[in-house]
Amino acid sequence: MIKHYDGGDKFITYGNLARNIDYPQPYKGSLFGKRIGKTLGTMGHLLDTITAPSWEDRIPYIQAMVVAQNTKLPSDGLKEFIVDYPNLSTEKKKDLLYLEYQEIFRFGDRWDFILEQLGIGNPSPNRLTGKGGLYNPYGSEGSPEHRNLVQYISEHPEKVGFDPAIIGFKEFPLKSKDCVDVLFLSGTQVLGVEVKSKRSGPDDHLRGIFQCIKYRAILKSEDILNNLSRPVDCVLVHEEDLNASLKRTKERLQVRTIQIKFN
């Protein structure tokens, strides 16, 4: 699923996983849940024995990608690997999993090394996704699609309502040690732009909304320290449609979004 990911959800339900690995039926009830949970735990511990001299990162908890159909969350059995997981609220579990999915996808072609160490052949395309997607070792950010869209926005400030004569700064550093994808700066206005390419799904878009809130506050604070008083804003540029929930969220939080179809 990672190797052929081409956007959308980064998880798979227990039932779908069972069907795709020819797991014995039935796929319902507590007995199934216990058995497939034990299977995932065993799989997770197989990774405990794998190390590579040049790796500083731990192997991400790939089993966290398997979720219940109704909650879209792994069971509390994940505590075997993430001890505090059961103690988190539903929303904080989602936040934690978002970060873990980022690590899983950033792990990139190192997953091929994992397969080799486990004596597992290269997975065939289409098995889990049903579509021959693109290999994505980048997650949603850092991908060629993301970089290309950032470059395009930096050269076309008019697309986000800024002075067309001003070229944007890419990966503009902030005092918080974050980076804004693009920053447009003039003597009378500051505009940060957070970019989500077609690689991004709803989870990335939600993160982008909150990134805009964070970056806007930091940019305003930096202006205060520099004794400047000018309008400061941060907008979210996205390629894919926002779902109804995201539209409500950005309206409530007063974050401006702009959809730009690129290539």
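Scroll up to find the structure.
Residues numbered from 1 in each chain as written. Predicted model: local features only at pLDDT ≥ 70, side-chain atom pairs only at ≥ 80, totals over all residues. Heavy atoms only, no water.

Draft legend 1. Inspection of the packing of aromatic side chains at higher detail. Scanning all chains against the criterion turns up six aromatic pairs. Measuring from ring centre to ring centre gives 5.9 Å for Y27 and F32, while their planes differ by 50°; the resulting arrangement is tilted. The pair Y27 / F32 is uniform in exposure class, with both members buried. In textbook terms, an aromatic cluster arises when at least three aromatic residues are bridged by ring pairs, as seen for Y23, Y27 and F32. (Phe/Tyr/Trp six-rings, centres within 6.5 Å; stacked < 30°, edge-to-face > 60°. Buried < 20%, exposed > 50% of the residue type's maximum accessible area, 1.4 Å probe, protein only.)

Draft legend 2. Representation of the packing of helix α6 (residues 202-225) against helix α7 (residues 244-252) in the model. Two elements in contact, α6 and α7, have axes whose closest approach is 10 Å; the angle formed by their N-to-C orientations is 0°. Here α7 runs roughly parallel to α6, going by the angle between their axes. On the side of α6, the interface is formed by P202, H205, L206 and I209, while α7 contributes L246, T249 and K250. (Axes fitted to C-alpha atoms, helices over the stretch in contact; angles between N-to-C directions. Helix = DSSP H or I, 4+ residues; strand = E, 2+ residues; numbered from the N terminus. Parallel < 35°, antiparallel > 145°, perpendicular 65-115°, else oblique. Contact = heavy atoms within 4.5 Å.)

Draft legend 3. Summary view of the environment of Q69. Note on placement: Q69 falls in the loop between β2 (66-67) and α3 (90-106). Residues Q69 and E240 lie 171 residues apart in sequence; the distance between their C-alpha atoms is 24 Å.

Draft legend 4. Region of the structure containing the pairing of strand β3 (residues 169-173). Where β3 meets strand β4 (residues 179-185), four bridges bridge the pair, whose relative direction is antiparallel. Bridge pairing links F172 to V180 in β4. Taking the residues between adjacent antiparallel strands as the criterion, β3 and β4 are bridged by five residues, where K177 takes a positive phi near 75°. (Pairing = 2+ DSSP bridges.)

Draft legend 5. Layout of the side chain of T257. Position of T257 relative to the elements: it lies in strand β7 (residues 257-259). Looking at T257, its side chain comes within polar contact range of the side chain of K250, at 3.3 Å. Contacts of T257, omitting those with residues within four sequence positions, involve L236, H238, L242 and K250. (Polar contact = N/O pair within 3.5 Å; in protein donor to acceptor, adjacent residues only side chain to side chain.)

Draft legend 6. The pattern of salt bridges, seen in detail. Under the criterion given, the structure shown has 14 salt bridges. Taking the shortest distance from any N to any O, the salt bridge between K214 and D178 comes out at 3.0 Å. Of this pair, K214 sits in helix α6 while D178 sits in the loop between β3 and β4, and the two are 36 residues apart along the sequence. Taking relative accessible area as the criterion, K214 reaches 39% and is therefore assigned partly exposed. Note that R230 is salt-bridged to D223, the shortest N-O span being 2.8 Å. Both residues of the pair, R230 and D223, belong to the buried class. Beyond isolated ion pairs, a larger network of salt bridges with shared partners links K10, D203 and D204. (Salt bridge = Lys/Arg side-chain N within 4 Å of Asp/Glu carboxyl O.)

Draft legend 7. A look at unusual backbone geometry. Here the amide bond leading from Q25 into P26 is cis, since omega sits at 5°, within 30 degrees of zero. Mapped onto the elements, P26 comes out in the loop between α1 (14-20) and α2 (29-46). At K72, a position not held by glycine, the phi torsion is positive, near 60°. Among the secondary structure elements, K72 is positioned in the loop between β2 and α3. Backbone geometry at N227 places phi at a positive 55°, although glycine is not the residue there. Assignment of secondary structure puts N227 in the loop between α6 and β6 (232-238).

So, to be careful, I would describe these as geometric facts and stop short of saying anything about function.
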